[in-house]
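Residue-level structure breakdown
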Amino acid sequence: MTLLDGRTLLDWVSAALSLVVSEVIVVGREEAGSLRAIPDALPGGRGPSAGIVTGLRAAGGGPIVVLGVDQPWVRPATLAALLGVRPQPAIPMDGQYQVTCATYPAKSLCLLTAIARDQRSLQPQAPLLEGTVVLPERWRSWGEDGRSWFSVDSPDDLQEGLRRYGVPETS
């Protein structure tokens, strides 16, 4: 379990999300401490799209904010701004589509399900979702610098994140 300043990455992510949404759901797990956890509706390692499908089904028709558990530097202000972007989904572009720091509406469910079942990568399929690609000029105007989608996939990534951004903030 990776710790950052004595807290798990999930603790950092859920703290930031809880400032923006009424319920934080952890998808792809049976257990997540005090948080609601649900297994993937489409099991089999189909990537982020399977988790997004599960989240949309759990949301009962409402939009969702998707955030990777490995993105502890996420800014609540960025998540709130993404929720206000129209049309949805709202997916930041920072060299590539940041599909795990984005918002998705219920209307995306059919296409996301097909992507997950076909085991296609979501990033190249993102334009098919017919939402808003949030370009750097826009997300920078929110005070974002790319930290919200910086992923910790290794100990070196953790050290690089600390070097670039310091200890995360959740306010």
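Provided above is the structure to which this section pertains.
Bear in mind that the values here come from a model prediction, so they are computed numbers and not experimental data. (Residues numbered from 1 in each chain as written. Predicted model: local features only at pLDDT ≥ 70, side-chain atom pairs only at ≥ 80, totals over all residues. Heavy atoms only, no water.)

**A short note on the packing of aromatic side chains**
Our working rule: Only Phe, Tyr and Trp rings are paired, with Trp represented by its six-membered ring, and only when their centres lie within 6.5 Å; those with planes under 30 degrees apart are stacked, over 60 edge-to-face, the remainder tilted. Numbering goes from the N terminus for both helices and strands, where a helix is a DSSP run of H or I of at least four residues and a strand is a run of E of at least two. A simple rule labels every residue: compare its accessible area, found with a 1.4 Å probe on the protein chains alone, to the largest value its type can have, and call it buried under 20%, exposed over 50%, or partly exposed in between. Any Lys NZ or Arg CZ that is within 6 Å of a ring centre and within 35 degrees of that ring's normal is treated as a charge sitting over the ring.
One pass over the full model with this rule turns up four aromatic pairs. A ring pair is formed by Trp73 and Phe150, whose centres lie 5.7 Å apart and whose planes are at 80 degrees; its orientation type is edge-to-face. Placement of Trp73 in the loop between strand S5 (64-67) and helix H3 (76-84) and of Phe150 in the loop between helix H6 (136-141) and helix H7 (155-165) is noted, with a sequence separation of 77 residues between them. Between Trp73 and Tyr165, the ring centres sit 6.0 Å apart and the planes meet at 50 degrees, which makes this aromatic pair tilted. One end of the pair, Trp73, is in the loop between S5 and H3; the other, Tyr165, is in helix H7, and 92 residues separate them in sequence. The exposure class assigned to Tyr165 is buried, which follows from its relative accessible area of 15%. Here the aromatic cluster, defined as three or more aromatic residues joined through ring pairs, consists of Trp73, Phe150 and Tyr165. Seen from the ring of Trp12, Arg7 lies directly overhead, with NZ or CZ sitting 4.0 Å from the centre. Here the basic side chain of Arg140 rests over the ring of Trp139, its NZ or CZ set 5.0 Å away from the ring centre.

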